[in-house]
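Tertiary structure, described
Okay, here's what each chain looks like letter by letter:
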Amino acid sequence: MQEKPTLILGIESSCDETAAALVTADKRILAEALSSQTADHKCFGGVVPEIAARAHLLHLEALITTCCAEANVELVNIDAIAATCGPGLIGGVMVGAMMGKALAASLGKPFLAINHLAGHALSPRLVADVVFPYLLLLVSGGHCQLLAVHGANRFQRLGTTIDDAAGEAFDKVAKLLDLGYPGGPAIERAAKNGDAKRFPLPVPMLGRQEAHFSFSGLKTAVRTTIEKLETLQQTDVNDMAASFQHAVVQSLNDRTTRAISICREQGIPITALVVAGGVAANAAIRENLTSLAAVNGLPFTAPPLRLCTDNGAMVAWAGHERLALGLTDALDFAPRPRWPLDPDAEAVRSDVPGRAGVKA
Ligand code: KG4
Ligand code: ZN
């Protein structure tokens, strides 16, 4: 009789999405369930950690039950439990980690403590045959990094942000333009009707030797430019959204090009350019990176949109990758708010030790 492929339950609760998914070792997503807290945080203009933690607690169990029902799977048939254990908002991380540990303990199955960033970083391998090592641009609300992914457990940071993450910049600029939260999709929508040439904005870090990012200066340039306008009409909003998005695209392109050069200088035989994280949902960014990869003779992979933003399937898949390496975790694994993927990477700002994006 043929053996059934290993089945892992993935749990995600590190920010404002509560999510669960059942994924098999042969890359089938049997079920996915997600509860977004966007409405709970909207009136605050950003994620409120305490509200997020309570919402995770409220929804997680039902999401897991829904997944099992959808996949027609009993809890006892799950082979291992993977839960995000950091980095992220610690209250929420603890909710998911505790649920994962409790299930693993009661079912007597292995527990896998997943780094949320590794979840994003490995997610393209769930949908495509991407071979290590590859170059990853990880762009989300809390992170903006360029990493050489050598293996499921070996990440080399080539660049990071010295201030804001790319998604954070989208969210802050959306707030300045009164476009609401979350800002990324709102900016992208407004930009479609705008003129990207109307406001010349600085392209952060253009031409710098290291593959680092910076977005706070760009955000300030947006603020000072709109302060000079007497009123903010819809066309101004659209044009600013387009101009800002254009500057971000140029910066991501320039920094990623630099990282490809660094890989070649260091003899890292990257097989592909991969983008992951919530900002990778942006069509203008994806399009630009697609041609950047082609120019550099690399295949380009991005997960489908629903796997770009936070989700349970990427956590389950990262669990498979770790389980295949025999890397299970003890039930006393401590959830953590900060958890850099590359512990050897140097701090990029001497005044903020180890800072690598607000959540890492
Ligand atoms: O990966 P993610 O869901 O959560 C974090 O781990 O941060 O990313 C959320 C971020 C938010 O900052 C959101 O504004 C941004 O991704 N985002 C976008 C788009 N969709 C989501 N940014 C630009 N364009 C989009 N279409
Ligand atoms: Zn994320």
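Here the structure is a predicted model, which is why all the values come from computation and not from measurement.

1. A short note on the coordination of the zinc ion (ligand 2)
The protein atoms donating to the zinc ion (ligand 2) are H116 (NE2), H120 (NE2) and D310 (OD), with metal-donor distances spanning 2.0 to 2.2 Å. As a motif over one chain, the donors of the zinc ion (ligand 2) read H-x3-H-x189-D. You can see H116 sitting in helix α4 (residues 116-122) and its partner D310 sitting in the loop between α11 (305-308) and α12 (312-324), a full 194 residues away along the chain. Classification of D310 as buried rests on a relative accessible area of 10%.

2. What about the packing of aromatic side chains?
Here the structure, examined in full by the defined rule, presents four aromatic pairs. Here the aromatic rings of F132 and Y134 are separated by 5.7 Å at their centres, their planes lie at 10°, and the arrangement is stacked. Aromatic side chains F333 and W339 sit 5.4 Å apart centroid to centroid with 40° between the ring planes, which places their arrangement in the tilted category. Here the two residues F333 and W339 agree in accessibility, since each one is buried.

3. Overview of unusual backbone geometry
Put simply, G86 and P87 share a cis peptide bond, and its omega is -15°. The residue P87 is located in the loop between β4 (80-86) and α3 (90-107) in this model. Omega for the bond connecting Y181 with P182 falls within 30 degrees of zero, at -5°, which places this linkage in the cis form. The backbone phi angle of K27 is positive, close to 70°, even though this residue is not glycine. Among the secondary structure elements, K27 is positioned in the loop between β2 (17-24) and β3 (29-36). Take K27: its relative accessible area is 31%, and that puts it in the partly exposed class. Despite not being glycine, D178 has its phi angle at roughly 60°, a positive value. Within the element layout of this structure, D178 appears in the loop between α6 (166-176) and α7 (183-192). Residue D178 is classed as exposed on the basis of its relative accessible area of 70%.

4. Things to note about the confidence of the model for the chain
Overall, the predicted model of the chain reaches an average pLDDT of 93, with 96% of residues at or above 70. Scored below 50 in pLDDT, residues 350-360 makes 36 contacts in the model with residues more than four places away or belonging to other chains.

5. What about the site of ligand 1?
Taken together, 20 residues surround ligand 1, and among them G141, D171, G184, E188 and G278 come closest. Between an oxygen atom of ligand 1 and a side-chain N or O atom of H116, the distance comes to 3.3 Å. Interatomic distance of 3.0 Å between a backbone N/O atom of G184 and an oxygen atom of ligand 1. Burial of ligand 1 by the surrounding chains reaches 92%, relative to a free accessible area of 560 Å². At the level of secondary structure, the elements contributing two or more residues to the shell around ligand 1 comprise α4, α6 and α7. The leading source of residues in the shell around ligand 1 is α7, at four residues.

What counts and how
Residues numbered from 1 in each chain as written. Chains lettered and ligands numbered in written order. Predicted model: local features only at pLDDT ≥ 70, side-chain atom pairs only at ≥ 80, totals over all residues. Heavy atoms only, no water. Donors = N, O, S within 2.8 Å, 3.2 Å for Na, K, Ca; no water. Helix = DSSP H or I, 4+ residues; strand = E, 2+ residues; numbered from the N terminus. Buried < 20%, exposed > 50% of the residue type's maximum accessible area, 1.4 Å probe, protein only. Phe/Tyr/Trp six-rings, centres within 6.5 Å; stacked < 30°, edge-to-face > 60°. pLDDT = per-residue confidence, 0-100. Contact = heavy atoms within 4.5 Å. Near = heavy atom within 4 Å. Polar contact = N/O pair within 3.5 Å; in protein donor to acceptor, adjacent residues only side chain to side chain. Areas by Shrake-Rupley, 256 points an atom, 1.4 Å probe, with all protein chains shown as cover.

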